[in-house]
Each structure stands twice: as structure tokens, then as C-alpha cells.
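Results of the structural survey
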Number of protein chains: 2
Amino acid sequence: MRVVIPIFDGLTPLDAVGPYEILRMLPGADVVFAAAAPGPVRDGAGFLTLTAQAAFGEIGSADILVVPGGPGARRRVSDEPLLGWIRRVHATTTWTTSVCTGSLLLGAAGLLTGLRATSHWSAADILRSYGAEYTDERVVRQGRIVTAAGVSSGIDMALTLAELVAGRAAAEAFQLAIEYDPQPPFDSGSYAKASQAAKDYLGV
Amino acid sequence: MRVVIPIFDGLTPLDAVGPYEILRMLPGADVVFAAAAPGPVRDGAGFLTLTAQAAFGEIGSADILVVPGGPGARRRVSDEPLLGWIRRVHATTTWTTSVCTGSLLLGAAGLLTGLRATSHWSAADILRSYGAEYTDERVVRQGRIVTAAGVSSGIDMALTLAELVAGRAAAEAFQLAIEYDPQPPFDSGSYAKASQAAKDYLGV
């Protein structure tokens, strides 16, 4: 069960680490963080460095592909070597998934044409520009492609995927292992629900 | 606003990255991932490497300290240099926090004696052995010490903390930015709620 997570400068690390903490528990999981070249990758905020263990060129297939987002994803929608790699690996996967603006990379690679898909709420129009039908659902499955909404939604996506791959008891066990019994102190987690004060703070 | 996150081999990365994605948005945030020595730190599952930018010896103070957990935290409850560093930094903080079994390190450092506190559900007895009163609440504040339950609870903890530090509008904005509108597909995120099948899967 090879799980491949491409990383790049400017990623949002929770997009990758949320699903990782669940998918690493799949039976026989072998998780590879890959980048254009092995070595350090700096996140979008600039404080956290992850290490890519493999180069994209070394990874020709995956059982599960998880494409994270972040400002670095938005900057890479014309990165043909990356998009070509995504297309080639996608041709081999059982599940191709994205979190947040990772779906823009799937879209730019031509994988979402005519499909319902989601992304970070701020990227809906860009996603549509790739021929996808944007929806604000949190986890959207279309055949073997699963897209998730912004950042934290990758946790819900990975639990959904875990049930598909390993069954309900396993997926529930993974939820218990990470004690995912969310109790957000506010109800401001979607654009539809957020207060005007929260939107004003972000300038959106 | 200096946020210090100690990391170590065997940590659970979501314990650190969940709060990080919120606290990095605090006004003026400067986040430092620190370890015994600068350089690579491998997570508990062995697939992900984070980089410490500073050595503990270089960090004498913090506004916010976030101590993550993981199997590596359990192994370090007798690591006197680490515990001494936690005590010294705690003496300078506005907020000292933990996620998951990070609270065992706060307990072993003597910071939780006589306080209500939480941890991963599987570590309740160990937490009690440090003189803390374990509770299965998700986020527990006692003065300027805030402990969170297992792994994913650090997100809820950091949102609570963000309100205390930067106010309600900011905290709600951070929740919107990471689109934290959790919709877990199962209701298996706490020991009390999990099915017997999930517990059997984990052997607990």
C-alpha cells in the first residue's frame, strides 16, 4: 500500500500531515514524501521545513496519491514537469486525492474536466477554470478521484478513504487513535457560516 | 509573539502541525521548531522528517510553548535536559500548552501537580502518576497551562488559545482560513464513543 505525497516549497503542511496521520495506519502502508528533488521543502508560512525522501523521477506509481495545497500549489499550476508527473502517477493509482488547493494541480493536469470537485473556498473560480464543477462539499468522490476542501478537510477525506480501502472498523479505529472528536470553539469553519468580522479580518 | 514548538524523534507530527497552522497566523508570530540539536527529526511512524531550526540551548524563552506528543514523548519522561528546558521556558511563557502525550512531559517536569489536565486517552494513568487530575475533556485550561487530548485536539486547543491571545474575530478568521468545519464520517473519535470493533482493531 504505497501512499505518495508530493511536497513543494510553499505548501500548507496540515494539508499533507492531516491525511498522513490516518493513511500511515493503513495495513502495509509505505508512505513516501516526494519532491522535485530529495531534500528540504519550506512551507508557505516559512517556519516549517519538511524533508522529501524521494524525487518525483524515482516515483512512477502509487496506490494512493495525496496532493496537498498551499500558496506553492497555486504557483505551480503551469509547472509542466509536476503536472506530467501527476498525470503519470494518476494512471497507476487506485485513489488520486487532493486537499485544499491541491485540487488546482489536479485540475491543471486535466484530471477534473467535467467532474464535481472541491478546493479551498477562496479557489472556487480557479478550479472552475479547469473545467471542474466546484462544490462546497467537504469531501467529493468522483470515481477514483477524491477532492477535499480547505486544509483541515484532509482529515475527513482520509477517514472516508480509509473506510474504502480497509473497511469501517479500521477507519473508526484510526479516528479513535488520533482522538478525532472535533469540538471547535466557534462555528466559523466555512465561508457560509463565518461571521462578517472573521471575513473582514481576512479581507475577504 | 514567539511560539516555540519542541520536536524530537518519535513525535506525532499532527500534534505539532495542527496548532502550528493556527498559531502561525497570530499577529507578529515567529514560530520556532526546536530540538536537542538543529537538524532532522523523524516522526513516530518513520515516514516523515521535520527540521529543527534551533537547539533547545538557543531558546531561553517563549510567549507560547506547544509541547507535542507521540511515542517519542513517552520515551522522554526521564530526559532531564529536556524536562529542565521545559521548566525554564515555562517560567517565561504567557501560555504553556501540550497536545496528546506532550502533557506527560509537562507532568514529568512537575508542572501539572494538583492540576486538572488531559492527554491521549491511552495515557490517563501515566498522567495521573505525575499528580495531575486526568479528565477526558478535549481542551483543559488551568491558569496559563492548557492541555489538549489526543493528536487532532491540538486544533481545537489552538483556536481556544487564539481567542485568548488575539480575540474572537481573529480566532474565527483562522478557523475560516483552515476551513475547519469538521465532518468526520464516523463518530468514533473518543474512547467513550468508539465501537467495540474499533477498539478490537487497536487491541485496546
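To be clear, the structure that these remarks concern was listed above.
Everything numeric in this text was worked out from a predicted model, so none of it was measured.

Basis of the calculations
- Residues numbered from 1 in each chain as written.
- Chains lettered and ligands numbered in written order.
- Predicted model: local features only at pLDDT ≥ 70, side-chain atom pairs only at ≥ 80, totals over all residues.
- Heavy atoms only, no water.
- Buried < 20%, exposed > 50% of the residue type's maximum accessible area, 1.4 Å probe, protein only.
- Helix = DSSP H or I, 4+ residues; strand = E, 2+ residues; numbered from the N terminus.
- Least-squares fit on C-alpha atoms with pLDDT ≥ 70 in both.
- Contact = heavy atoms within 4.5 Å.
- Pairing = 2+ DSSP bridges.
- Buried area = accessible area lost by both parts, 1.4 Å probe.
- Salt bridge = Lys/Arg side-chain N within 4 Å of Asp/Glu carboxyl O.
- Axes fitted to C-alpha atoms, helices over the stretch in contact; angles between N-to-C directions.
- Left-handed = near helix turned anticlockwise from the far one by under 90°.

1. Some points on helix H1 (residues 13–23) of chain A
By the criterion of burial, H1 of chain A is predominantly enclosed, with 11 of the 11 residues buried. Among the residues of H1 of chain A, Pro13, Leu14, Asp15, Ala16, Val17, Gly18, Pro19, Tyr20, Glu21, Ile22 and Leu23 of chain A are the ones counted as buried.

2. Considerations on the relation of the copies chain A and chain B
By a simple turn and slide, chain A fits onto chain B: the slide is 0.0 Å along the axis, the RMSD is 0.0 Å, and the turn is 180°. The relationship between the two copies is best expressed as a two-fold rotation axis. Residues of chain A ranked by C-alpha distance from the rotation axis are headed by Leu50 of chain A, positioned 2.3 Å from it. Both copies contact each other with a shared surface, as 100% of the interface residues of chain A are interface residues in chain B too.

3. Examining the sheet that holds strand S7 (residues 95–98) of chain B
All names here are of chain B. Taken in spatial order, the seven strands make up an open sheet running S5-S2-S1-S6-S7-S11-S10, and their pairing is mixed. Two strands close off the open sheet at either side, each with one partner strand: strand S5 (54–55) and strand S10 (139–142). By the bridge criterion, two bridges tie strand S1 (residues 2–6) to strand S6 (residues 64–67) in an arrangement that is parallel. Considered in S6, the bridge of Val3 is made with Ile64.

4. A look at the interface of chain A and chain B
Facing the 69 residues of chain A at the interface are 69 residues of chain B. Of the roughly 5900 Å² buried where chain A meets chain B, counting both sides, 62% is carbon and sulfur surface. Inspection of the region where chain A meets chain B yields two salt bridges. The closest approach of N and O atoms between Asp181 of chain B and Lys193 of chain A, which form a salt bridge, is 2.7 Å.

5. Describing the sheet that holds strand S5 (residues 54–55) of chain A
All names here are of chain A. Spatially, S5-S2-S1-S6-S7-S11-S10 is the arrangement adopted by the seven strands of the open sheet, whose pairing is mixed. With one partner strand each, in any of the chains shown, S5 and strand S10 (139–142) form the two edges of the open sheet. Docked against the sheet, helix H6 (residues 153–166) engages strand S6 (64–67), strand S7 (95–98), S10 and strand S11 (145–148), running at close to 170° with respect to S7.

6. With respect to the packing of H1 of chain A against helix H1 (residues 13–23) of chain B
Viewed as axis vectors pointing N to C, H1 of chain A and H1 of chain B meet at an angle of 145°, and their least axial separation amounts to 10 Å. Where H1 of chain A crosses over H1 of chain B, the two elements pack in a sense that is left-handed. Across from Pro13, Leu14, Val17, Gly18, Tyr20 and Glu21 of chain A in H1 of chain A, the residues of H1 of chain B making contact are Pro13, Leu14, Val17, Gly18, Tyr20 and Glu21 of chain B.

Geometric descriptors of this kind do not, in isolation, establish any biological role.
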